[in-house]
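Working through the structure, step by step
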Amino acid sequence: MALADAGGLEKLSMRSLSDALGISTMAVYRYVPGKPELLDLIIDRAYSELPQETPSETSWEQRLERVARDEWDLYLAHPWMLGVSTYRAPLGPNGLRKFERDLSAVAGSGLSDLEMDLVVTSLSNFVRGAARFALAGRAAVLQTGETHPEWWGANAGVLQKMASPGDFPLASRIGTAAGSAYEGDARALTAFEFGLRRFIEGVKPLAAKHSR
């Protein structure tokens, strides 16, 4: 996991692992059949960093928010996780514990079992997408050496040549307002906060319907 944290998944291989351990590559294969299994192991290891206990917040809305924020923090700490498909999640103890904890957040909400699964799955998909957006912003700064305001300043002339405000009135007005309201990481964080609140608010009517 340290290798993936430092260089991303493209730098992680059986050879790089053997070099880091100071052993032969063939020796690594005595423990792990290949890179897919290695990824399963480090994903499950990463999940162990999530809180182990059930969220202690009083309401299911607060518990669901806590689950989302914990997963957001995990992805920002280990960006490589977003490069691994979770459609067929690794069947490790920590991954199963995460799923149990996620479901416990909406236990007692009135949702059916299938709806509970759909809610936590949809929430996880949202968090992954929001984290990917945030990390893309960070990567852009590193790759170009320019902050987001610097990049927009350098490209403002190109944008003006492409289209005048009269051509795209909504994009011009709202883009200017958004640019003034937040920049860089603040944009991604604002989008995450907004989306998380709307997601939870959207689940409330469904839970209330069952309760009635």
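Look up: the structure comes first, before these words.
Described in the following lines is the structure provided in the data block. (Residues numbered from 1 in each chain as written. Predicted model: local features only at pLDDT ≥ 70, side-chain atom pairs only at ≥ 80, totals over all residues. Heavy atoms only, no water.)

A word on the overall build of the chain. Helix and strand counts for the chain come out as 10 helices and zero strands. Tracing the chain from N to C terminus, the helices and strands come up as α-α-α-α-α-α-α-α-α-α. Since a compact globule built from 212 residues should have a radius of gyration of about 17 Å, the 21 Å found for the chain marks it as more spread out than a globular shape. Taken over the C-alpha atoms alone, the chain extends approximately 65 × 55 × 25 Å along its principal axes. A burial count over the chain gives 35% of its 212 residues as buried. (Helix = DSSP H or I, 4+ residues; strand = E, 2+ residues; numbered from the N terminus. Rg over C-alpha atoms; globule rule 2.2 N^0.38 Å. Buried < 20%, exposed > 50% of the residue type's maximum accessible area, 1.4 Å probe, protein only.)

Volume-wise, the second largest pocket comes out at about 540 Å³. Along its surface, the second largest pocket is lined by 19 residues, and Thr86, Ala89, Phe99, Thr121 and Ser124 are the ones closest to its centre. Counting residues per element, the lining of the second largest pocket draws most heavily on helix 7 (residues 113-144), at six residues. Taken together, the residues of the lining of the second largest pocket break down into nine nonpolar, five polar and five charged. (1 Å grid on protein atoms, 1.4 Å probe; cavity = no way out; pocket = protein on both sides within 12 Å on 5 of 7 lines; lining within 4 Å. Points joined across faces, edges and corners; volume = space filled by probe spheres on them. Nonpolar A, V, L, I, M, F, W, Y, C, P; charged D, E, K, R; others polar.)

Attention now moves to the environment of Pro51. Tracing the backbone shows Pro51 in the loop between helix 4 (35-47) and helix 5 (60-77). With relative accessibility at 29%, the residue Pro51 sits in the partly exposed group. The sequence separation of Pro51 and Leu118 amounts to 67 residues, and the corresponding C-alpha distance is 22 Å. Among all residues touching Pro51, those that are not within four sequence positions of it are Asp70 and Arg101. (Contact = heavy atoms within 4.5 Å.)

What follows is about helix 2 (residues 14-21). For helix 2, every residue scored as buried is listed here: Met14, Ser16, Leu17 and Ser18. Contact partners of the buried residues in helix 2: helix 1 (2-7), helix 3 (25-28) and helix 4. A positive phi of about 75 degrees marks Gly22, the residue just after helix 2.

Okay, the pattern of salt bridges next. On inspection of all chains with the given rule, the structure shows 10 salt bridges. Arg45 is the partner of Glu49 in a salt bridge, and the nearest nitrogen-oxygen pair spans 3.7 Å. Residue classification places Glu49 among the partly exposed residues on the basis of a relative accessible area of 40%. Between Arg66 and Glu57 there is a salt bridge, and its shortest N-O distance comes to 3.6 Å. Arg66 sits in the partly exposed class, given a relative accessible area of 30%. Since its relative accessible area comes to 26%, Glu57 is described here as partly exposed. (Salt bridge = Lys/Arg side-chain N within 4 Å of Asp/Glu carboxyl O.)

It is worth spelling out the nonpolar core at this point. Counting residues in each nonpolar core, the largest one holds 46 residues, and the members touching the most others are Leu64, Trp72, Trp80, Met81 and Val106. Residue assignment for this core shows that the elements contributing at least two residues are helix 2, helix 4, helix 5, helix 6 (93-105), helix 7 and helix 10 (185-211). No other element matches helix 7, which puts nine residues into this core. Setting aside residues no more than four positions away along its own chain, Trp72 makes contact with Val127, Ala130, Ala131, Ala134, Ala188, Leu189 and Phe192. (Core = buried A, V, L, I, M, F, W, Y, C linked by side-chain atoms within 4.5 Å.)

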